[in-house]
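# An overview of the molecular structure
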Amino acid sequence: MRASLSAVHAAVAETRARNRRETTKARLLVVTAVLTFAVGLVATRTRAARRALPGGSAVAVTRPVQTAPMPAAPEPAAQVALPTPAVAAPEATDGIANDSAVAECQVLSEHHRWRQAAEPCAIAVKARPNDATLLLGLAQSAHARNRLPEAGEWAKRAIALDPTLAEAFIIHAHAEAHAGDDAAADQDFRRYLALAPRGWHAKEARRALRTRPSAT
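Before going into details, it helps to say that this report is about the structure given with it. What you are looking at is a predicted structure, and each value in this text was computed from that prediction instead of being measured.

What counts and how
Here, residues in each chain are numbered from 1, in the same order as that chain's written sequence. A pLDDT threshold of at least 70 governs which residues receive local features in this predicted model, and a stricter bar of 80 or more applies before side-chain atom pairs are shown or counted, although totals over entire chains, interfaces and linings include all residues. Water and hydrogen atoms play no part in the side-chain values, which are based on all heavy atoms of the structure. In this text, helices come from DSSP runs of H or I with a minimum length of four residues, and strands from runs of E with a minimum of two, each type numbered from the N-terminal end. Relative accessible area decides the class of each residue, using a 1.4 Å probe on protein chains only: under 20% of the type maximum gives buried, over 50% gives exposed, and in between gives partly exposed. Contacts between residues were defined by any pair of non-hydrogen atoms, one from each residue, lying within 4.5 Å. Among buried residues, the Ala, Val, Leu, Ile, Met, Phe, Trp, Tyr and Cys ones that are joined through side-chain atoms within 4.5 Å form a nonpolar core. For helices, the axis comes from a line fit to the C-alpha atoms of the stretch in contact; other axes are also lines fit to C-alpha atoms, and the angle between any two N-to-C directions lies between 0 and 180 degrees. Note on terminology: angles under 35 degrees are roughly parallel, angles over 145 are roughly antiparallel, angles of 65 to 115 are roughly perpendicular, and the others are oblique. Put simply, a crossing is left-handed when the front helix is turned counterclockwise from the back one by less than a right angle, and right-handed when it is turned clockwise. In this scheme, a helix's expected span is set at 1.5 Å multiplied by one less than its residue total. A residue counts as positive if it is Lys or Arg and as negative if it is Asp or Glu; His and the chain ends are not included. Whenever Lys or Arg places a side-chain nitrogen within 4 Å of a carboxyl oxygen from Asp or Glu, that contact is recorded as a salt bridge.

## A word on the overall build of the protein chain
- Across its full length, the protein chain holds eight helices and zero strands.
- Secondary structure elements of the protein chain occur, N-terminal to C-terminal, as α-α-α-α-α-α-α-α.
- Here the protein chain, with 216 residues, has 25% of them falling under the buried criterion.
- Considering only intrachain contacts with a sequence separation of at least 6, the fraction spanning at least 24 residues in the protein chain is 40%.

## Description of the environment of W154
- Examined against the element boundaries, W154 turns out to sit in helix α5 (residues 148–161).
- With residues up to four places along the chain from it excluded, the contact list for W154 reads V125, L135, L138 and A139.

## Considering the nonpolar core
- Within the largest apolar cluster, 35 residues are counted, with the highest numbers of intra-cluster contacts made by F189 and Y192.
- Examining the composition of this core, we find that seven residues originate from one element, helix α4 (residues 132–144), more than from any other.

## Considering the packing of α4 against helix α6 (residues 166–178)
- In contact at an axis separation of 10 Å, α4 and α6 are set at 40° when each is read in the N-to-C sense. One element, α4, and the other, α6, form an angle in the oblique class. Relative to α6, α4 is oriented so that their crossing is left-handed. Counted together, L136, A139, Q140 and H143 of α4 and E167, A168, I171 and H174 of α6 form the full contact between these two elements.

## Here's the deal with α6
- With 13 residues, α6 extends 19 Å between its outermost C-alpha atoms, agreeing within 8% with the 18 Å of an ideal straight helix rising 1.5 Å per residue.
- Burial analysis of α6 places ten of its 13 residues in the buried class, the great majority of the element.
- Residues of α6 that are buried: A166, A168, F169, I170, I171, H172, A173, H174, A175 and E176.
- On the buried face of α6, the contacting elements are α4, α5, α7 (182–195) and α8 (202–210).

## Let's talk about the side chain of D188
- The topology assignment puts D188 in helix α7.
- Here D188 is buried and forms no salt bridge, its nearest opposite-charge partner R191 lying at an N-O distance of 5.2 Å.
- When neighbours within four sequence positions are excluded, D188 is seen to be in contact with F169, H172, A173 and E176.

## Some remarks on α4
- Helix length check: α4 (13 residues) gives 18 Å between terminal C-alpha atoms against 18 Å at 1.5 Å per residue, within 8%.
- Across the 13 residues that make up α4, a large majority, ten, are buried.
- For α4, the full list of buried residues reads A132, L134, L135, L136, G137, L138, A139, Q140, S141 and A142.
- N146, located one to two residues past α4, shows a positive phi value of around 65°.

## Some details on unusual backbone geometry
- Even without a glycine there, the phi angle at H112 is positive, about 60°.
- Of note, H112 is situated in the loop between α2 (92–110) and α3 (118–127).
- A positive phi angle is found at N146, which is not glycine, with a value near 65°.
- Assignment of secondary structure puts N146 in the loop between α4 and α5.
- By relative accessible area, which is 61% here, N146 ends up exposed.

Structure, rendered in structure tokens:
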């Protein structure tokens, strides 16, 4: 009986000792797991912080380097205004005005608006005195205003520069007839017909020649 009780006590003591060992082992495992988790969490945060920095490296704290102050820049010397040579500016305005007058004279003459062409054609001829077409425009303008002697002079100058201008011969013929020189007028009419046998003034020229058969 005593032997049985001793065996029971021994078994109970052994069981308690084993339970204490298991409890201690479990506690050690829990502490180890907690420490491992904590270390891993710290390491993960450290790596994340390093990756957030440029180049993946930690920021090095540097002290500012003190440099000697730069010397003040010297004040610029006063600029001396140099005299500029006096150059006569080109008369661009006159050139533009002359070109405009030439274009206006040509357009008005083409549209047979010779009365309005008097002023621009006068300016154009002054700018280009050797332009036969401009001289003819001025002659037509004077002829339209019944200034026959003036028209004849301008027509004569145009013919001297370009003897193929048929209209100039008609204007010059009218000026000669107005001055009483029918022979000279008939000669101009013939030259007109030679240049423009079907021109605007062909009928007029033939009619004038028929009225003076003795001059033919």
